[in-house]
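So you can see what is in the structure, the chains are spelled out below.
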Amino acid sequence: MNASSRQARHTIRTRAAQTRAARRAHRNTATGLPQTARTHLVAAGIDDATAKRYAGAFSRGTTPTALAHTDVKLRGRRTKRITVKLYDRAAFTARLAVYRPKDLTAARLFEQAAHQLAA
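Everything quoted here is computed from the prediction, not taken from an experiment. (Residues numbered from 1 in each chain as written. Predicted model: local features only at pLDDT ≥ 70, side-chain atom pairs only at ≥ 80, totals over all residues. Heavy atoms only, no water.)

*Asks:* Describe the nonpolar core, with residues and values.
*Replies:* Counting 19 residues, the largest nonpolar core has Leu41, Ile46, Phe58, Phe92, Leu96 and Phe110 as its most contacted members. Taken together, the elements giving at least two residues each to this core come down to helix 2 (37-43), helix 3 (48-59), helix 4 (89-98) and helix 5 (104-118). Sequence-distant contacts of Phe110, defined by excluding residues within four places in its chain, comprise Leu41, Ile46, Thr50, Tyr54, Phe58, Leu96, Tyr99, Arg100 and Pro101. (Core = buried A, V, L, I, M, F, W, Y, C linked by side-chain atoms within 4.5 Å. Buried < 20%, exposed > 50% of the residue type's maximum accessible area, 1.4 Å probe, protein only. Helix = DSSP H or I, 4+ residues; strand = E, 2+ residues; numbered from the N terminus. Contact = heavy atoms within 4.5 Å.)

*Asks:* Break down the side chain of Thr29 for me, with residues and values.
*Replies:* Following the sequence through the fold, Thr29 ends up in helix 1 (residues 3-30). According to the relative accessible area criterion, Thr29 is buried, its value standing at 18%.

*Asks:* Any details on the packing of aromatic side chains? Residues and values, ideally.
*Replies:* This model, assessed by the stated rule, comprises five aromatic pairs. Relative to Tyr99, the ring of Phe58 has its centre 5.4 Å away and its plane inclined at 85 degrees; by these criteria the two rings are edge-to-face. A residue pair is termed long-range when its members are at least 10 positions apart, and Phe58 in helix 3 and Tyr99 in the loop between helix 4 and helix 5 qualify at 41 residues. Judged on exposure class, the residue Phe58 and its partner Tyr99 are both buried. Ring centres 6.3 Å apart and planes at 35 degrees place the aromatic pair Phe58 and Phe110 in the tilted group. Of this pair, Phe58 sits in helix 3 while Phe110 sits in helix 5, and the two are 52 residues apart along the sequence. As far as burial versus exposure is concerned, Phe58 and Phe110 are alike and both buried. Clustering of aromatic rings is evident, with ring pairs tying together Tyr54, Phe58, Phe92, Tyr99 and Phe110. For Arg95, the ring lying beneath its charged end belongs to Phe58, and the centroid distance is 5.8 Å. (Phe/Tyr/Trp six-rings, centres within 6.5 Å; stacked < 30°, edge-to-face > 60°. Lys NZ or Arg CZ within 6 Å of the ring centre and 35° of its normal.)

*Asks:* Help me get a handle on the pairing of strand 1 (residues 66-73), residues and values and all.
*Replies:* Alignment of strand 1 against strand 2 (residues 79-86), held across eight bridges, turns out to be antiparallel. Its bridge partner lying in strand 2, Leu67 is registered against Lys85. Counting the residues in the hairpin turn of strand 1 and strand 2 gives five residues, including Gly76, whose phi is positive at 70 degrees. (Pairing = 2+ DSSP bridges.)

*Asks:* Explain helix 1 to me, and be specific about the residues and the numbers.
*Replies:* If you check helix 1, its first and last C-alpha atoms are 41 Å apart, about what 28 residues at 1.5 Å a residue would give, namely 40 Å. Along helix 1, the residues classified as buried are Ala21, Ala25 and Thr29. Close packing links the buried residues of helix 1 with helix 2 and helix 3. Positive backbone phi, at 90 degrees, marks Gly32, one or two positions downstream of helix 1. (Expected span 1.5 Å × (residues − 1).)

Pasting the structure below:
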């Protein structure tokens, strides 16, 4: 296997992962139930890696619509129960209208997503 075929396989894998994440986010937000900030961001058109990176800062200082609990796996067999903030569509759209990261490329993505949701 040479470098070009490795690159092609990598491209196909990443595109498939992005497509799966986007479809899952669209399906979850279509239910109308409150979702996490990351799910809303992916459904708004921001790629999954960027959404994961900025979801924490996006939700900071915003009152969640609901709270849920989930288990996170730690090292070994241990798990930890954490609280997850959930937002409905209105709360998410209001926060997206004003939130812009310092990174100019990411700020442009957030601005495009806000404009697309407002339309």
